[in-house]
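Here are the chains, one letter per residue:
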Amino acid sequence: MERIAEQQPDKKGKPPMLSKKENEKLALVGPGTPAGKLLRRYWHPIAVAAELKEKSVKRLRILGEDLVLYRGEEGSYGLIVERCAHRGASLAYGSIEGCNIRCPYHGWLYSPAGKCLEQPAEPSHSTYKNRVMQTAYPVQVVAGLVFTYMGPRPVPLLPSYDVFTRTDGSRHVVVWPQLNCNWLQPMENSVDPTHVHYLHGAGRGKPVHGDGNAEIKKYEFEPFEYGIMKKRFALNGNGKVEVVNQHPLVFPNMLRQHHGLEHYLQYRVPVDDTHTLFFEIYFLEGKADGAGSTEVPVEYAPSAMKEDGSYRMDRVWTQDYMAWETAGAIFDRSQEHLASADRGILVFRKMLKEQIDRVSKGKDPMGVIRDPARNRLIAFNTITDSKREVGKGR
Ligand code: FES
Ligand SMILES: [Fe+2]
């Protein structure tokens, strides 16, 4: 059985760190950037639906673009670029009329699809409005969250992950504090299982599993249809080495975990290059109170910081925030020293580069779904203990 210490990240002995240019290729998210183009091929949650009352507007920045999300009458939503196509005033000060939004400056009226419907100061016979479009993006509300897709048309399907669609239990959402760092830092953490044993204290730094403290013999990171399945192998009660835990990084910006009856999907959504939204959707098997309802309870996590500006280190999630944010607003990977236990990070970066390449050739990247038959219910083969190894009091 291969041991962790014998798994070398690079057989040629070449340090596996990235150049500054390669780092930017994987990390930056704005329009036209390689990772930005890749991320725009997926649906992302951007807001809690219940935060928007009817006829209200919320300013947002997503993937480096300044936007306004608004809720129209009769449950409609619109997501539109903030600066008006006429002379640039902010539509965040606009007014809602039906399912449309009117600019506060000269009253141009836009539909949720970005069509200009009215230009009050133009002659009544003018057709100029028919040639003006405000950039707008489609939205859908799922599991209490507003999702958008900011990529090229045709728009793919929003994946029916099991935590969104199962009805044999209850669902809720946790909104974690906005991260002051680039999206890649939490995502690389999702393929870094050894930090659990040190940062979070399980095994006091030694890779062990379960109540019996069985030594973890091996980690594997297996690419599959939707991302990377992380596997931990340890001795079972019969003296055999077997998988004792597996759960996936769902490409490109999700982590799917499972403990006992609890299932959760974390999304890390770039606000811009140096800030990231963090939503978590929980599904608890068994208590079927309200899983089919559109009313999804939402919990807002407190700050990860103490009053003196240092991180609280008494919670698993605040420990993670410390590790992700203190690496810098955009971690400079030209300075890193990856070791043998960091193979998962290399597997993820390779996948990112391959999928960026697919997008540059005009192909759909992995995990993009267009066939409704493939989108009935997307579940993952997770293996877990009956309880959390770490994370009590999360
Ligand atoms: S700037 Fe919006 S209508 Fe003129
Ligand atoms: Fe962690």
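The following refers to the structure shown. (Residues numbered from 1 in each chain as written. Chains lettered and ligands numbered in written order. Predicted model: local features only at pLDDT ≥ 70, side-chain atom pairs only at ≥ 80, totals over all residues. Heavy atoms only, no water.)

**Things to note about unusual backbone geometry**
Rule in force here: Under the scheme used here, helices are H or I runs from DSSP no shorter than 4 residues and strands are E runs no shorter than 2 residues, and both carry numbers assigned from the N terminus. Only protein chains enter the accessibility calculation, which uses a 1.4 Å probe; a residue whose area is less than 20% of its type maximum is buried, one above 50% is exposed, and one in between is partly exposed.
Between Arg153 and the following residue, Pro154, the backbone shows a cis peptide bond with an omega angle of 0°. The topology assignment puts Pro154 in the loop between β11 (145-149) and α3 (162-165). A cis amide bond links Phe251 to the next residue, Pro252, at an omega of 0°. Tracing the sequence through the fold places Pro252 in the loop between β16 (241-250) and β17 (254-259). Phi is positive for Leu63, close to 50°, though the residue is something other than glycine. With respect to the helices, strands and loops of the structure, Leu63 is situated in the loop between β2 (56-62) and β3 (65-71). Its relative accessible area of 0% is what places Leu63 among the buried residues. Unusually for a residue other than glycine, Ala143 sits at a positive phi of about 50°. Structurally, Ala143 is set in the loop between β10 (139-142) and β11. According to the relative accessible area criterion, Ala143 is buried, its value standing at 12%.

**Focus: the environment of Lys217**
Heads up, the condition is: Distance and chemistry together define a polar contact, namely a pair of N or O atoms within 3.5 Å, with one atom able to donate a hydrogen and the other to accept it when in protein, and with adjacent residues in sequence counting only for side-chain atoms on both sides.
In this structure, Lys217 sits in strand β14 (residues 214-224). Residue Lys217 is classed as buried on the basis of its relative accessible area, which comes to 17%. When the C-alpha atoms of Lys217 and Pro207 are compared, they prove to be 8.3 Å apart, with 10 residues separating the residues in sequence. Polar side-chain contacts of Lys217 include one of 3.3 Å to the side chain of Glu215.

**Focus on the pattern of salt bridges**
For side chains of opposite charge, pairing can occur when their charged atoms come near one another. Rules: We define a salt bridge as a side-chain nitrogen of Lys or Arg found within 4 Å of a carboxyl oxygen belonging to Asp or Glu.
What the rule picks out here adds up to 25 salt bridges. The salt bridge involving Arg40 is made with Glu65; its shortest N-O contact spans 2.8 Å. With Arg40 in the loop between α2 (34-39) and β1 (43-48) and Glu65 in strand β3, this pair connects stretches of sequence that are 25 residues apart. Comparing Arg40 with Glu65, the two get one shared label, buried. Linked through salt bridges whose partners overlap, the residues forming this network are Glu188, Arg333, Glu336 and Arg349.

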